[in-house]
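Residue-level listing of the chains:
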Amino acid sequence: MTSPFAFLSVHRRRSPLSGMFFAPGDLAGFALVHALAALSADVARCPSRFQRCNAWSLVRRLRILSALFEFLKESFASSPSSPLPLRFPCSAALCLKELYIFIYRSKILLEYCSQSSRLWLLLRNPQISGSFHDLARELATLLDVIPLDDLLLTADIREHLELLRRQCKRSELFVDPYDEELRRKIHSFLDRLETGVLPDPAELRSTFVDGLGIQDPRAFRTEIEFLEEQVFNQEEDMDLPVVGGVIALTRYCRFLLFGFQEMEFGRPFGDQGRISRRRLSRLGSSVSQGSADFSLTIPKDFCCPISLDLMTDPVVVSTGQTYDRASITQWIEEGHRTCPNSGQTLANSWLRPNRALRNLISQWCAAYGIPYGTPEGTGTSAERTMAACSSKAAIEANRATARILVQQLSAGSQEWKTVAARELRLLAKTWKENRSIIAEAGAIPLLCRLLHSTNPVAQENAVTAILNISIHDGNKRWIMEEEGCLKLIVYVLIHGLTTEARENAAATLFSLSAVHEFKKMIADEQGVVMALANLLMQGSPRGKKDAVMALFNLSTHPGSWSPMLDMGAVSALVGALRDECVAEEAAGALAFLMKQPIVAQTIGGKDTAITNLVGIMRRGTPKGKENAVAALQEMCLSGGLAVIQKVARMQVLSGLIRTILLTGTKRARRKAALLSKLCQRCEAPTAMAFGNDWLVDRTLARTNSVRGSSFRSGNLSVSVSMTIQVPVL
């Protein structure tokens, strides 16, 4: 039987006693006693290294209750013919149901302590001790009101229960002094780091290795990952700067105390577990490939309970249950105020990303070659969350860690250099301070050397570390001024040993090309435009996104149109108009490039380009429609009369322009009005052939036109709408 409290999953590591608890309404008589006996027997050991005193006290109390339930169970078994409802008065049955809730809360608290990291339990030591004390007082209240006489208990069980009641009433809050001493030491380390002083290595070893029992690099990594998960989920109240400081301190201790011992050198991030199967484009609860006679069942926990499809953006609602964001958002917008699975009332409409589950789904998809993208905005949200954890202590600890990693990158073995590159990549994922620290430590030239490595892991981690470092604007110049660095990034883009490396090289160029003065340098680098065009045509969804954004940035420089036209980038952008994943950005890039008449005439000569731009105006996002109408307007403005006539012959265009004039963005309305005027100014005989379709409401056109507009390109500027976000990997 499924527990009525299954939605309070301990694997989500929620606050142990948070949430609403209800008695199991479908249990009564023998079934209730049997459930109580089974549940209390399940909580029969003390699993946690910390809170041992409190945990053992709770377990001993539960064992006394277990004896009570076993006695009641045997009593029922000895007289099975007795009518079960008559065996318990209503008051006794109600108390037994309350005991069921108490035992379940106790189980959750013990499992919380068992499955949480040691550092997390240490930081939460006073709060968790308070939770144990609350349970003791709750049990005392229950034992005060339970009608023992109605249960026909033996003398020894009554005596044990009476003794337990007195002990619980006398119970006081107990905070383990040894745990508190360790907690104070951790805070003292952070205080020293705040003043710029690194803690003594011997003290760190005594606290982390001897005191906390974190005795190897793998254990340190587990502690760091757990704390990071708590920060991202934020399901409990916490002091974010303190937790961020502890994460940074723990990472520093890992390399200071153990160096690079027992480190995993592994396979590339993007190719872990990848198998040679055709990529799949559509996912349901079952994934199949008919040609390969292959069927793959998605794990149940990865499927949204509402849509039953693989979750692309799992989020947690107030009850602790996880759903796909799109599904639960629609559920709430339809007016529902309950959790679909548990039926509990939603305390609020907050949706918190389930980062741990999303990482598991991502790893599973990578293992089976299934595309799995990062939800839009996730990176920005993560960056904001981690920025809230920033503190002087965290910065100083990360600075010391960066020095250790850069030293290994300089003088370590090839294996250790690979690990150092990976750790710098991870360190640079968050906080602009970390990116600045890594650059100041001299990592950029050392990472550049790894770009031509024959080790795919080293190459991938190096280029991704450079990508993450480049997100900080102050580092972009350092990278571009490093001799040979740009050439090596382009080398990885063309000849990268893994798909992930090539895609991240494109993303790096996208990041660097955000600075205007670097756009021409990048566009002129041999092979870069052609490689980006090839990635846009043949890459994965994420690779296409990186390529089109890099090409978009390059297109905004007036001198980049010639190499982009000669090297096939313009043709690739035209082809990308058919791909809804990148059509919006491709239209924006073409709008810039078609300021040149030769480019406008080349694109305008292709019927498919005009048809696809019109298609975006019909079905695209507001931003996509804006870019598409801007591209058509610039095509007509620069391409001449022949192009205007070809565009004006599109039968649905006039209706789409009317719609945009009424409902489009401000820029889209302006561009639509200009495009309408251009089509109306065709020579009279040609215009007559178009009928009355172009007699667009003159009031609308006049309202949305630009004063003084004309055919001359010098009087009109191209503007497109684009959201620029560099991926952090």
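Residues numbered from 1 in each chain as written. Predicted model: local features only at pLDDT ≥ 70, side-chain atom pairs only at ≥ 80, totals over all residues. Heavy atoms only, no water.

### Re the overall build of the protein chain
The following threshold applies: Counting from the N terminus, the helices are DSSP H or I runs at least four residues long and the strands are E runs at least two residues long. Burial here depends on accessible area, computed with a 1.4 Å probe over protein chains only, as a share of the maximum for the residue type. Under 20% is buried, over 50% is exposed, and the range in between is partly exposed. All accessible areas in this document rest on Shrake-Rupley with a 1.4 Å probe, and a residue is counted as covered only by the protein chains that are shown.
A tally of regular secondary structure across the protein chain gives 36 helices and 5 strands. In the protein chain, which comprises 729 residues, the share counted as buried stands at 53%. Taken as a whole, the protein chain presents about 32,300 Å² of accessible surface, with 51% of it coming from carbon and sulfur.

### Things to note about the nonpolar core
Here is the rule we go by: We define the nonpolar core as a collection of buried residues of types Ala, Val, Leu, Ile, Met, Phe, Trp, Tyr and Cys that are connected through side-chain atoms lying within 4.5 Å of one another.
Counting 194 residues, the largest nonpolar core has Phe208, Leu447, Leu573 and Leu632 as its most contacted members. For this core, the element with the highest residue contribution is helix α4 (residues 90-115), accounting for 13 residues. Listed in part, the 17 residues of the second largest apolar core include Ile298, Phe302, Cys304 and Leu310.

### Section: the environment of phenylalanine 71
Selection rule: Whether two residues are in contact is decided by their heavy atoms, any of which lying within 4.5 Å being enough.
Here phenylalanine 71 shows up in helix α2 (residues 52-78). Among the residues examined, phenylalanine 71 registers a relative accessible area of 19% and is labelled buried. In this view, phenylalanine 71 contacts Leu151, Leu152, Leu153, Thr154 and Ile157; residues no more than four positions away in its chain are not counted.

### What to know about the environment of alanine 572
With respect to the element layout, alanine 572 can be found in helix α27 (residues 569-576). Setting aside residues up to four positions removed in sequence, alanine 572 forms contacts with Ala533, Leu536 and Met537.

### Examining the packing of aromatic side chains
Our working rule: Working definition: rings of Phe, Tyr and Trp (its six-membered ring) pair if their centres are within 6.5 Å, and the pair is stacked with planes under 30 degrees apart, edge-to-face with planes over 60 apart, and tilted otherwise. Ring-over charges, as used throughout, are those where CZ of Arg or NZ of Lys falls within 6 Å of the ring centre and within 35 degrees of the ring normal.
Counted under the stated rule, the structure contains 4 aromatic pairs. Taken together through their ring pairs, the aromatic side chains of Phe208, Phe220 and Phe258 make up a single cluster. Lying over the aromatic face of phenylalanine 258, arginine 205 brings its terminal NZ or CZ to 5.9 Å of the ring centre.

### Structural notes on the side chain of serine 453
Basically, it comes down to this: Here a polar contact means two N or O atoms within 3.5 Å. Within protein one must be a hydrogen donor candidate and the other an acceptor candidate, and residues neighboring in sequence count only if both atoms are side-chain atoms.
Its place among the elements puts serine 453 in the loop between α18 (443-449) and α19 (456-470). On the basis of relative accessibility, which here comes to 15%, the residue serine 453 falls in the buried class. Within polar-contact distance, the side chain of serine 453 engages the backbone nitrogen of asparagine 455 at 3.0 Å. The contacts of serine 453, once residues within four sequence positions are left out, are Ala458, Gln459 and Leu497.

### Here's the deal with the sheet that holds strand β4 (residues 322-324)
To keep things clear, this is the line we draw: Two strands are said to pair when DSSP picks up at least two bridges between them. For helices, the fitted line uses only the C-alpha atoms of the stretch in contact; every axis is such a line through C-alpha atoms, and the angle between N-to-C directions lies from 0 to 180 degrees.
One open sheet holds the 3 strands; their spatial order is β4-β3-β5, and the pairing between them is antiparallel. Both edges of this open sheet fall to β4 and β5 (352-353), since each of them pairs with a single strand only. By the bridge criterion, 3 bridges tie strand β3 (residues 314-316) to β4 in an arrangement that is antiparallel. Bridging across to β4, valine 315 finds its partner in tyrosine 323. Along the sheet, helix α12 (residues 325-333) makes contact with β3, β4 and β5, crossing β4 at roughly 95 degrees.

### Here we look at the environment of alanine 441
Inspection of the secondary structure puts alanine 441 in the loop between α17 (432-440) and α18. Along the backbone, alanine 441 and leucine 405 are 36 residues apart, and their C-alpha atoms lie at a distance of 9.4 Å.

### Description of the pattern of salt bridges
Formally: Any carboxyl oxygen of Asp or Glu that lies within 4 Å of a side-chain nitrogen of Lys or Arg is treated as forming a salt bridge with it.
Under the criterion given, the structure shown has 29 salt bridges. Where glutamate 440 meets arginine 399, a salt bridge forms, and the shortest distance between an N and an O atom there is 3.8 Å. Highlighted residues: glutamate 440 in helix α17 and arginine 399 in helix α15 (residues 392-411), separated in sequence by 41 residues. The salt bridge involving arginine 667 is made with glutamate 626; its shortest N-O contact spans 2.8 Å. Pair noted here: arginine 667 is in helix α34 (residues 666-680) and glutamate 626 is in helix α31 (residues 622-639), with a separation of 41 residues, a long-range link. Residue classification places arginine 667 among the partly exposed positions, given a relative accessible area of 28%.

### Some thoughts on α27
Owing to its 3.6 residues per turn, the α-helix aligns residues three or four sequence positions apart on the same side. A large share of α27 lies buried, amounting to 6 of its 8 residues. Where α27 is concerned, the buried positions are Ala569, Val570, Ala572, Leu573, Val574 and Ala576. In the core, the buried residues of α27 are packed alongside α24 (528-538), α25 (541-555), α26 (561-566), α28 (583-593), α29 (597-604) and α30 (607-619).

### Focus on the packing of helix α21 (residues 485-495) against helix α22 (residues 499-512)
Here is the rule: By the definition adopted for this analysis, an angle is roughly parallel if under 35 degrees, roughly antiparallel if over 145, roughly perpendicular if from 65 to 115, and oblique otherwise. It is the rotation of the near helix from the far one that decides the hand of a crossing: anticlockwise by less than a right angle makes it left-handed, clockwise makes it right-handed. Each residue is assigned to one class: nonpolar for Ala, Val, Leu, Ile, Met, Phe, Trp, Tyr, Cys and Pro, charged for Asp, Glu, Lys and Arg, and polar for all the others, Gly among them.
At their nearest, the axes of α21 and α22 sit 7 Å apart, and the two run at 140 degrees to each other. By the angle class used here, α21 and α22 are oblique. Of the two elements, α21 crosses α22, and the hand of that crossing is left-handed. Side by side, α21 and α22 meet where Leu486, Ile489, Val492, Leu493 and Ile494 of the first sit next to Ala501, Arg502, Ala505, Ala506, Thr508, Leu509 and Leu512 of the second. When the residues that make up the contact of α21 with α22 are grouped by side-chain class, the tally is 10 nonpolar, 1 polar and 1 charged.

### Brief notes about the packing of α30 against helix α33 (residues 653-663)
Pairs of packed helices are described in terms of their axes, by the angle between the two and the distance that separates them. One can describe the packing of α30 onto α33 by two numbers: an axis separation of 10 Å at closest approach and a directional angle of 40 degrees. One element, α30, and the other, α33, form an angle in the oblique class. In the packing of α30 onto α33, the handedness of the crossing is left-handed. Judged by residue contacts, Val614, Met617 and Arg618 of α30 engage Leu653, Leu656, Ile657 and Ile660 from α33. Grouping the amino acids of the contact of α30 with α33 by side-chain chemistry returns 6 nonpolar, no polar and 1 charged.

Coordinates in, geometry out; function isn't part of it.
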